[in-house]
Amino acid sequence: MSFEVRSNKTAVRPVPVAPPRTRAGRFVQQAPPIVNKFIAVVVLVIVAMRLDIGQGITVGALACVALIPVWFPVLRQYWGARLLLLAGVVAIGSGIWLTALSAPTHDTSLGQAFGAIAGLVGLLSGVGFVLWARTVLPDSQIAIWYGAGILIGVSPTSELYAENPWRFGYSVALTILLLGITLQLRRRWLELAVALLLTVVATVTDARSTFAFMLLTVLLVAWQMRPTRPSRGKSALRALLGLGALALVVFKVIQALILDGALGEATQQRTLAQLQETGSLIMGGRPELTATIALMQHQPWGFGVGIAPNPEDILAAKTGMAAINYDPNNGYVDNYMFGGHVELHSIIGDFWAGFGLPGLLLALIILVLIVRSIGVHVAANTASAVLLYLGIKAVWFMFFGPFFSSSVLLVLVLGLLITRKKPATTDAALLFPAPVRLRP
């Protein structure tokens, strides 16, 4: 703070002095609002497109890293954002240390190690940028532009796309885009109608998990449209307990519908085979979970980035998978999961394997941030369909989705769901008018 003296008057007035900033930070802070919005839109689309340069580096990640001076100062506005960044930095250090520790007994790939670190840096910087974008754009527009970027980046040449273009191509992008548009229009009934339509589409496209995500989203949106009475007892914890119970009911209902053939014969036969093999739809569909548990018991501290499992590690994992009557001697296990690397098909498992116990802690922090935000919004009846869909899908990915394919979505999930310490009009939850409250 400096002072300026005018004429012979004794009065002085304070003249604010801007704090020193880097060139990028100074440019964005001084830019007109329209320029900031343009920067936000362009970078959001680029991040979502996932334009790969090589070695795990994307154009979007480079842009977000270059803009660290822009988004880093806003982290203090969000609950847990700085803790997330700190945990990520510690996890990277742990991954490098574990790699050196495991090198004498395991093969190491420096390229894979660099890719794993680059992926985590891309996640952290991407989340930071989305948090800054929320200060210049409403959440609805962030979802719209990000969904558009994912849609542009869909690759029609992949094998999975050829198998099911909707499920493995356009489903996620169009769901985010359409629900973002309904959020922008601020019409709960339209939001509910679009979510219902997407739920119906999931039933005819052999997408069991997507059907579950959308059905749960529909139920929660409908619940928030009810007239409510003033209550002092509302809490995020109570909302989360209710959500857990609702999720269990939805799971049981969907399993019954699948077994009755409501989602098609192919889905019915696949589900029956998984139940007969392992006795559980979750374990049968995601046997990697048992491999993760077995490896955590075998080597609790993790492996390190770029580490290939040795024969003892693979035997321990396969033994865990065989314990649920799953035959682990197949190309998926030998090539995808343990073919020169460790891929456990879950963010929690991948973070633990690559970054050790700090990586596991980072995954738990991410899970807490997501779950807490869902609970806060649902308790206040302000959770939009796009936030609910993203949050539910992200929780599933934490346990059953590989980090590499989940990271693009996780950037948007954390960027939109991390709650502000002080609510602002740009928050998605505040775009909807509060529900009608009845007098007691």
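The sections below set out a description of the structure shown in this document. (Residues numbered from 1 in each chain as written. Predicted model: local features only at pLDDT ≥ 70, side-chain atom pairs only at ≥ 80, totals over all residues. Heavy atoms only, no water.)

**Examining the overall build of the protein chain**
The criterion, for reference: Numbering of helices and strands runs from the N terminus, with a helix taken as a DSSP run of H or I at least four residues long and a strand as a DSSP run of E at least two residues long. Note on areas: these come from Shrake-Rupley sampling with a 1.4 Å probe, and a residue is covered only by the protein chains present in the view.
Scanning the protein chain from terminus to terminus reveals 20 helices and four strands. Surface summary for the protein chain: the accessible area is close to 20,900 Å², and the carbon and sulfur share equals 67%.

**Section: the layout of surface pockets**
Definition in use: Grid points spaced at 1 Å over the protein atoms alone were grouped into cavities, where a 1.4 Å probe fits but cannot get out, and pockets, open sets with protein on both sides within 12 Å along at least five of seven lines, with lining residues defined by an atom within 4 Å of a point. Grid points are joined across faces, edges and corners, and a volume is the space filled by probe spheres set on the points.
The volume enclosed by the second largest pocket comes to roughly 880 Å³. Looking at the lining of the second largest pocket, the elements that each hand over two or more residues are helix H3 (59–66), helix H6 (110–133), helix H18 (347–379) and helix H20 (403–417). Considering every element that reaches the lining of the second largest pocket, the biggest residue donor is H6, with eight residues.

**Quick look at the environment of Leu185**
Here Leu185 lies in helix H9 (residues 165–185). Along the primary structure Leu185 and Ser140 are separated by 45 residues, whereas in three dimensions their C-alpha atoms are 8.9 Å apart.

**Structural notes on a nonpolar patch on the surface**
Condition: A patch is a set of surface residues, each over 30% in relative accessible area and not in a salt bridge, joined within 9 Å for like charges and within 5 Å for the nonpolar side chains Val, Leu, Ile, Met, Phe, Trp and Tyr. Each salt bridge in this description consists of a side-chain nitrogen of Lys or Arg and a carboxyl oxygen of Asp or Glu lying within 4 Å of one another. The buried label applies to any residue whose accessible area, calculated with a 1.4 Å probe on protein chains only, is under 20% of its type's maximum; exposed applies above 50%, and partly exposed to all values in between.
On the surface, Leu51, Ile53, Val59 and Leu62 cluster together to form a nonpolar patch covering roughly 320 Å² of accessible area. Here Leu62 lies in helix H3. When its relative accessible area of 45% is taken as the criterion, Leu62 is described as partly exposed.

**Re unusual backbone geometry**
The backbone of Gln55 shows a phi angle near 60°, a positive value even though the residue is not glycine. Within the fold, Gln55 resides in the loop between strand S3 (52–54) and strand S4 (57–58). Phi is positive for His345, close to 60°, though the residue is something other than glycine. Along the chain, His345 falls in the loop between helix H17 (331–337) and H18. Looking at His345, the relative accessible area reads 14%, which means it is buried.

**Some points on H3**
Applicable threshold: Starting at the helix axis, one direction is taken to each C-beta atom, and the arc is that of these directions.
Among the residues of H3, those classed as buried are Gly60, Ala61 and Cys64. Projected down its long axis, H3 carries its buried residues within an arc of 100°, all on one side.

**As for the packing of helix H11 (residues 208–224) against helix H19 (residues 385–400)**
As a reminder, the rule being used: To get an axis, a line is fitted to the C-alpha atoms, and for a helix only the part in contact is used. The angle between two axes follows their N-to-C directions and goes from 0 to 180 degrees. Here roughly perpendicular refers to angles of 65 to 115 degrees, roughly parallel to angles under 35, roughly antiparallel to angles over 145, and oblique to all remaining angles. Should the near helix be turned counterclockwise from the far one by less than a right angle, the crossing is left-handed, whereas a clockwise turn marks it as right-handed. By definition in these notes, contact holds between two residues if any of their heavy atoms fall within 4.5 Å. Classes in brief: Ala, Val, Leu, Ile, Met, Phe, Trp, Tyr, Cys and Pro nonpolar; Asp, Glu, Lys and Arg charged; the others, Gly included, polar.
Two numbers describe how H11 lies on H19: the axes approach to 9 Å, and their chain directions differ by 140°. As the angle between them shows, H11 and H19 are arranged oblique. Remark: the crossing between H11 and H19 carries right-handed chirality. Listed contacts from H19 to Ser209, Phe213, Met214, Leu216, Thr217, Leu220, Val221 and Gln224 of H11 are Ala385, Leu388, Tyr389, Ile392, Lys393 and Trp396. Across the contact of H11 with H19, the residue classes break down as ten nonpolar, three polar and one charged.

**Quick notes on the packing of aromatic side chains**
Quick reminder of the rule: Side-chain rings of Phe, Tyr and Trp (the six-membered ring for Trp) are treated as a pair once their centres are within 6.5 Å; stacked means planes under 30 degrees apart, edge-to-face means over 60, and tilted covers the remaining angles. Any Lys NZ or Arg CZ found within 6 Å of a ring centre and within 35 degrees of that ring's normal is scored as a charge over the ring.
Applying the stated rule across the entire model yields eight aromatic pairs. Seen in terms of ring centroids, Phe129 and Trp132 are 5.4 Å apart; in terms of plane orientation they differ by 45°. Their pairing is tilted. Residue Phe129 and its partner Trp132 are both found in helix H6; the two are separated by three residues, about one turn of the helix. On the numbers, 5.1 Å between centres and 20° between planes, the contact of Tyr332 with Tyr336 is stacked. Of this pair, Tyr332 and Tyr336 both sit in helix H17, four residues apart, roughly one helical turn. A relative accessible area of 30% places Tyr332 in the partly exposed class. Taking NZ or CZ as reference, Arg50 lies 4.0 Å from the ring centre of Phe404, over its face. Over the ring of Trp79 we find Arg372; its NZ or CZ atom is 3.8 Å from the centre of that ring.

**Things to note about the nonpolar core**
So the rule is basically this: Remark: nonpolar core denotes a set of buried residues (Ala, Val, Leu, Ile, Met, Phe, Trp, Tyr, Cys) joined through side-chain atoms within 4.5 Å.
Counting residues in hydrophobic clusters, the biggest one holds 95 residues, and the most contacted among them are Trp132, Phe351 and Ile366. Ranked by residues supplied to this core, first place goes to H18 with 14 residues. Grouped together as the second largest cluster of nonpolar side chains are 15 residues, Ile307, Met337, Trp352 and Ala353 included.

**A look at empty space enclosed by the protein**
Counting across every chain of the model gives one cavity of 30 Å³ or more. Within this model, the largest cavity holds a volume of roughly 60 Å³. Lining of the largest cavity is provided by Trp71, Leu75, Ala81, Leu84, Leu85, Leu124, Val127, Gly128 and Leu131. Broken down by secondary-structure element, the contributors of at least two residues to the lining of the largest cavity are helix H5 (81–102) and H6.

**Things to note about the pattern of salt bridges**
All chains considered together, the criterion is met by three salt bridges. Asp139 is the salt-bridge partner of Arg134, the closest N and O atoms lying 3.6 Å from each other. In this structure, the salt-bridge partner of Arg188 is Glu191, at a minimum N-O distance of 2.9 Å. Taken together, the residues span about one helical turn, with Arg188 and Glu191 both in helix H10 (residues 188–203) at a distance of three residues. Both residues of the pair, Arg188 and Glu191, count as buried.

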